Amino acid sequence: MIELNPRSWLYPTPRGLYCEPGDFYVDPAVAVPRAVITHGHGDHARPGHRAALATPETLAIMRARFQDMPNTQQQALAYGDSVRMDEVEVSLVPAGHILGSAQVVLEYRGQRIVVSGDFKRQPDATCAPFEPVPCDVFITEATFALPVFHHPSDASEVGKLLRSLHTFPERTHLVGVYALGKCQRVIKLLRAAGYDRRIWLHGSLTALCALYQKQGVDLGDIAPVSDAILETFKGAIVLCPPAAIADRWSRRFFDPVSAMASGWMSVRARARQRGAELPLIISDHADWSELKQTLVDVGAPRVWVTHGREEALVHHARSIGIEAEALHLAGREEEEGES
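The text that follows walks through the structure, step by step, so that each part is easy to find.

Thresholds applied
- Residues numbered from 1 in each chain as written.
- Predicted model: local features only at pLDDT ≥ 70, side-chain atom pairs only at ≥ 80, totals over all residues.
- Heavy atoms only, no water.
- Helix = DSSP H or I, 4+ residues; strand = E, 2+ residues; numbered from the N terminus.
- Rg over C-alpha atoms; globule rule 2.2 N^0.38 Å.
- Buried < 20%, exposed > 50% of the residue type's maximum accessible area, 1.4 Å probe, protein only.
- Contact = heavy atoms within 4.5 Å.
- Areas by Shrake-Rupley, 256 points an atom, 1.4 Å probe, with all protein chains shown as cover.
- Lys, Arg positive; Asp, Glu negative; His and termini not counted.
- Charge placed at Lys NZ, Arg CZ, Asp CG, Glu CD.
- Core = buried A, V, L, I, M, F, W, Y, C linked by side-chain atoms within 4.5 Å.
- Domains from an automatic or database assignment.
- Phe/Tyr/Trp six-rings, centres within 6.5 Å; stacked < 30°, edge-to-face > 60°.
- Arc of directions from axis to C-beta.
- Axes fitted to C-alpha atoms, helices over the stretch in contact; angles between N-to-C directions.
- Parallel < 35°, antiparallel > 145°, perpendicular 65-115°, else oblique.
- Polar contact = N/O pair within 3.5 Å; in protein donor to acceptor, adjacent residues only side chain to side chain.
- Pairing = 2+ DSSP bridges.

1. What to know about the overall build of the chain
And then number 1: Per the secondary structure count, the chain includes 7 helices and 19 strands.
And then number 2: The C-alpha radius of gyration of the chain comes to 21 Å, within 12% of the 20 Å expected for a compact globule of 339 residues.
And then number 3: Looking at the chain residue by residue over its 339 residues, the buried ones come to 57%.
And then number 4: Considering only intrachain contacts with a sequence separation of at least 6, the fraction spanning at least 24 residues in the chain is 61%.
And then number 5: Working note: accessible area of the chain is about 14300 Å², and carbon and sulfur atoms make up 51% of it.
And then number 6: The averaged location of the 41 negative side-chain charges in the chain is 5 Å from the averaged location of its 35 positive side-chain charges.

2. Looking at the nonpolar core
In a soluble, globular protein the nonpolar side chains are often hidden away together inside.
And then number 1: The biggest cluster of nonpolar side chains holds 34 residues, and the ones touching the most others in it are Ile 187, Ile 199, Leu 201, Ile 237 and Leu 239.
And then number 2: Those elements that provide at least two residues to this core are helix H1 (56-65), helix H2 (154-167), helix H3 (182-192), strand E13 (199-201), helix H4 (206-214), strand E15 (237-240), strand E16 (257-261) and strand E17 (278-280).
And then number 3: Here the element with the most residues in this core is H3; it accounts for 5 residues.
And then number 4: Split by domain, the residues of this core number at least three in each of domain 1 (6-148 + 285-326) and domain 2 (154-280).
And then number 5: Contact partners of Leu 239, with chain neighbours within four places excluded, come to Val 175, Val 177, Cys 183, Val 186, Ile 187, Ile 199, Trp 200, Leu 201, His 202 and Leu 205.
And then number 6: Within the second largest apolar cluster, 25 residues are counted, among which are Leu 10, Val 90, Ile 139 and Trp 304.

3. Digging into the packing of aromatic side chains
Any aromatic ring pair is given by two values, namely how distant the centres are and how the planes are angled relative to each other.
And then number 1: All told, the structure shown has 11 aromatic pairs when counted by the stated rule.
And then number 2: Between Phe 144 and Trp 264 the ring centres are 4.5 Å apart and the planes differ by 45°, which places this aromatic pair in the tilted class. With Phe 144 in the loop between strand E11 (137-142) and H2 and Trp 264 in the loop between E16 and helix H5 (268-273), the pair connects residues that are 120 residues apart, well separated along the chain. Accessibility assignment for this pair places Phe 144 and Trp 264 in one class, buried.
And then number 3: With a centroid separation of 5.7 Å and an interplanar angle of 85°, the aromatic rings of Phe 149 and Trp 264 are classed as edge-to-face. Separated by 115 residues along the polypeptide, Phe 149 in the loop between E11 and H2 and Trp 264 in the loop between E16 and H5 bring together distant segments of the chain. Side by side, Phe 149 and Trp 264 carry an identical accessibility label, which is buried.
And then number 4: One aromatic cluster is present, formed by Trp 200, Phe 233, Trp 249 and Phe 253 through successive ring pairs.

4. Quick word on helix H7 (residues 310-319)
And then number 1: Regarding H7, the residues found buried are Glu 310, Leu 313, Val 314, His 316 and Ala 317. Viewed end-on, H7 has its buried residues packed into an arc of 165°, placing them on one side of the element. Along H7, exposed side chains directed more than 90 degrees from the buried face belong to Glu 311, His 315, Arg 318 and Ser 319.
And then number 2: The elements touched by buried residues of H7 are E11, helix H6 (288-298), strand E18 (302-308) and strand E19 (323-326).
And then number 3: Positioned one or two residues after H7, Gly 321 has a phi angle of 90°, which is positive.

5. Some details on the packing of H2 against H3
And then number 1: Relative to each other, H2 and H3 sit at 80°, their axes nearing to 10 Å. In terms of orientation, H2 and H3 fall into the roughly perpendicular class. Residue-level inspection shows Asp 154, Val 158, Leu 161 and Leu 162 of H2 in contact with H3, the latter providing Arg 185, Leu 189 and Leu 190.

6. So, the side chain of Gln 122
And then number 1: When you line up the elements, Gln 122 lands in the loop between strand E10 (111-115) and E11.
And then number 2: Looking at Gln 122, its side chain comes within polar contact range of the main-chain oxygen of Pro 152, at 3.2 Å.
And then number 3: Among residues more than four places away in sequence, those in contact with Gln 122 are His 151, Pro 152, Ser 153, Asp 154, Arg 185 and Glu 290.

7. A short note on the sheet that holds E16
And then number 1: Within the open sheet, the 6 strands sit side by side as E14-E13-E15-E12-E16-E17. Their pairing is parallel. On the outer flanks of this sheet lie strand E14 (222-224) and E17, each paired with one strand and no other. For this sheet, the mean angle separating the axes of adjacent strands, direction not counted, is 25°.
And then number 2: Strand direction decides the pairing type here: strand E12 (residues 173-176) and E16, joined by 4 bridges, are parallel. For Gly 176, the partnering residue across the bridge sits in E16 and is Met 260.
And then number 3: Packing against the sheet, H3 makes contact with E13, E14, E15 and E16, and its axis sits at approximately 170° to E13.

Below is the structure:
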């Protein structure tokens, strides 16, 4: 029996990763007739598809972000459920990246391919944890796929923020976070560390925080900065988009401590570029050791690497006997927003 070539039924095109026997794209770079979406970040979820399949949470995020979603036929698929799309069985498994994020499991003629999307292995109270799925081909991201990247524990990084707050009780702590995923995760980490005071938000962060709360993620006492009356913000934690730290908006805060929560904060040049006085290494992606462990956990004889530093992970995979190659996908630029 001749083994089925996985490239014969799932392959990159200018529109994105195309599954031919299912006639759909996974995280396409442009609007397509049928799309399967791994999660709600903008380099994976785009507007304008005629039909889109994703987790209920991801579809809710897309509706919140895209005005034309009413024109898209939306099919919600819960974790663990499956649906047949033409000749292909499709299921979604938690990726641990953000709320609703999923790995796409494709089964066709006895062969299983798993598209990881973006994922992380550290615990996160805002989303379901990553689940390794044994497969024939594993398509993995590689955002932090270099040996220099080792993410410390989230608790230790939030501890840095709280110690700074104790050291500088008169100063506002402005924390740069991205609106989807990082903002809500930082809030939950602060709550887990015992911080129960009000956390103030830049106006652009409130809608997605409300969505998370509607999805059952309790964020505690949060409020937009614009609601503050006679508030000095001394000793307060204020979350805002990274760009707002250097914007006129931040001038209302006296002598603030500027912090930034991102996996890239382990790179000193990035921290300086962002003007981060207090860099917090909190990432929504797997680091080098977690990527290596994931290859072992899924046990795939073939690995395709995309979205990041492909060469190092391809070299490592080959060194442990895995047939590995880089898979260059349209629209997969490095985006700090998901770090």
